[in-house]
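Working through the structure, step by step
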Amino acid sequence: MKKSLLALVLCAIAGTAAQAETILVGTDAGLAPFEFKDPQTEEIVGFDMDIIKAVAKAVGDEAKIQNMQFAGIIPALQSNMIDVAVAAITITEERQKQVLFSDPYYDVGLAMVIQTKDKGRINKLEDIEGKAICAQIGSTGSLLAQSVKDAKVMNFDQVAEALMELKMGGCSAALLGDTTARHYQAQHNDKDLTIVPHLYNPKQVGFAMSKNNKALAEKLNKGLAAIKASGEYDKIYEKWLGKKH
C-alpha cells in the first residue's frame, strides 16, 4: 500500500512538472519602450516583455526571449522556430492571413516624425507625396509609407536607424508607432525632430502565433485575462507607459 501511495505521489509531481512549459518568444529588441536591451545588463526588457512573462506565469509556464530582426519574425513563426511573437505587432487583415493572433492587449497608432525646421510645412501625408519616407522594414509604418503617392520608402532594420536617417536629412519624414515616437522624444529630447500631432491608422496589438497553434492562443488569452483581472496589467502599463488617460 505504501509503495502504491508513493508511486501515486511521484506520478502527481511528475504530472505537475510536465504541465509547465517554456514558451519561446521571438521579439525585435529595438523598439523602446516595448522591447529593448537594457544598456547596463543587456537584458531584453520593456512593456511587451513584462506582459508576456506575466501572462506565461499566470498559466504556469515560463517565457524565454529570443531576439531577431522584425522582418524575420513571421517566417520564424511559420517554420516553428519560435512559439509566439511579441514585438508590438499590430493586428492587420494581411497579417491575419499569415498568423493567428491572441486577444489584443494594447491600442496603438502611427505617428509622423519630421525635422523641426519643417514644422508648419509638413502637416499631413499629402505634404510628403513624392518624397523619401523612412520606416522600419515590415512594420505598419512602412505599409503606410507605401500608400503615399510617389513616395520613396526607405526601410531600416531598426526604428532608431530610420530616425537617424531623418535627422541627417536623408528623408522628409519617418512613420512609426506613436508610443515609440513619444518614448524616443522623452528619452532624447531631440530638438531637431518633431512629432506631427495626428494619429494615423489606430489599431490594436496582439501576440502572434502560427495558424495551427490554437491551443497556445487560448492559453495566452486566459493568462492575459488573468493579469488584467488581478491588476498586474495596469501596474506594468504604468511602469513603462505612464498612467492611462
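Higher on the page you've got the structure.
Below, the structure is looked at part by part. Keep in mind that what you see is a predicted model, and the values were worked out from it rather than measured.

1. As for unusual backbone geometry
Omega for the bond connecting Ala 32 with Pro 33 falls within 30 degrees of zero, at 5 degrees, which places this linkage in the cis form. Considering the arrangement of structural elements, one finds Pro 33 in the loop between strand S2 (30–31) and strand S3 (35–37). Residues other than glycine seldom take positive phi values, yet Asp 150 does so here, at roughly 60 degrees. Residue placement: Asp 150 occurs in the loop between helix H5 (140–146) and strand S10 (152–156). For Asp 150, a relative accessible area of 62% puts it in the exposed group. For Asn 189, which is not glycine, the phi torsion reads 45 degrees and is therefore positive. With respect to the helices, strands and loops of the structure, Asn 189 is situated in the loop between helix H7 (178–188) and strand S12 (193–195).

2. Observations regarding the sheet that holds S3
The strand order across the open sheet built from 3 strands is S2-S3-S4, with neighbouring strands paired in antiparallel fashion. Edge positions in the sheet fall to S2 and strand S4 (44–45), since each of these pairs with one other strand and no more.

3. With respect to the pattern of salt bridges
The final tally for this structure, using the stated rule, is 11 salt bridges. A salt bridge links Asp 118 to Arg 121; its shortest N-O distance comes to 2.7 Å. The partner of Lys 124 in a salt bridge is Asp 127, with the nearest N and O atoms 3.4 Å apart. According to the relative accessible area criterion, Lys 124 is partly exposed, its value standing at 41%. Each member of the salt-bridge network shares a partner with another, and the members are Glu 21, Asp 61 and Lys 219.

4. A look at the nonpolar core
Within the largest apolar cluster, 47 residues are counted, with the highest numbers of intra-cluster contacts made by Phe 47, Ile 51, Val 84, Tyr 105, Tyr 106, Phe 207 and Leu 220. Looking at which element gives the most residues to this core, the answer is helix H2 (residues 47–58), with 7 residues. If we ignore the near neighbours within four places in the chain, the residues touching Val 84 are Ile 23, Leu 24, Val 25, Gly 26, Leu 77, Phe 207, Ala 208, Met 209, Leu 216 and Leu 220.

5. Focus on H2
The terminal C-alpha atoms of H2 lie 17 Å apart, and with 12 residues this matches the ideal 16 Å at 1.5 Å per residue to within 8%. Here H2 lies mainly inside the structure; 9 of its 12 residues are buried. Three or more residues of H2 are buried, namely Phe 47, Asp 48, Met 49, Asp 50, Ile 51, Ile 52, Ala 54, Val 55 and Ala 56. Gly 60 sits one or two residues past H2 and shows a positive phi near 85 degrees.

6. Overview of the state of the cysteines
Going through the model one piece at a time under the given rule, you end up with 1 disulfide. Cys 134 shares a disulfide with Cys 171; S-S distance 2.2 Å. Measuring handedness by torsion sign, the sulfur bridge of Cys 134 and Cys 171 sits at about -120 degrees and is left-handed. Residue Cys 134 is found in strand S9 (residues 132–136), and its partner Cys 171 is found in the loop between helix H6 (159–167) and strand S11 (173–177); the two are separated by 37 residues along the sequence. Cys 171 shares its class with Cys 134; the two are buried.

7. Quick look at the packing of aromatic side chains
This structure, assessed with the given rule, holds 10 aromatic pairs. Relative to Phe 207, the ring of Tyr 105 has its centre 4.7 Å away and its plane inclined at 25 degrees; by these criteria the two rings are stacked. Here the residue Tyr 105 occupies a position in the loop between strand S7 (100–101) and strand S8 (106–115), and Phe 207 occupies one in the loop between strand S13 (200–205) and strand S14 (208–209), the gap between them amounting to 102 residues. Here Tyr 105 falls in the buried class, since its relative accessible area comes to 2%. Given the relative accessible area of 0%, Phe 207 is considered buried. Through pairs of rings, three or more aromatic residues link up here, namely Phe 34, Phe 47, Tyr 105, Tyr 106, Phe 207, Tyr 233 and Tyr 237. Its guanidinium or amino end placed over the ring of Tyr 233, Lys 228 lies 5.4 Å from that ring's centre, counting from NZ or CZ.

Conventions we followed
- Residues numbered from 1 in each chain as written.
- Predicted model: local features only at pLDDT ≥ 70, side-chain atom pairs only at ≥ 80, totals over all residues.
- Heavy atoms only, no water.
- Helix = DSSP H or I, 4+ residues; strand = E, 2+ residues; numbered from the N terminus.
- Buried < 20%, exposed > 50% of the residue type's maximum accessible area, 1.4 Å probe, protein only.
- Pairing = 2+ DSSP bridges.
- Salt bridge = Lys/Arg side-chain N within 4 Å of Asp/Glu carboxyl O.
- Core = buried A, V, L, I, M, F, W, Y, C linked by side-chain atoms within 4.5 Å.
- Contact = heavy atoms within 4.5 Å.
- Expected span 1.5 Å × (residues − 1).
- Disulfide = S-S within 2.5 Å.
- Phe/Tyr/Trp six-rings, centres within 6.5 Å; stacked < 30°, edge-to-face > 60°.
- Lys NZ or Arg CZ within 6 Å of the ring centre and 35° of its normal.

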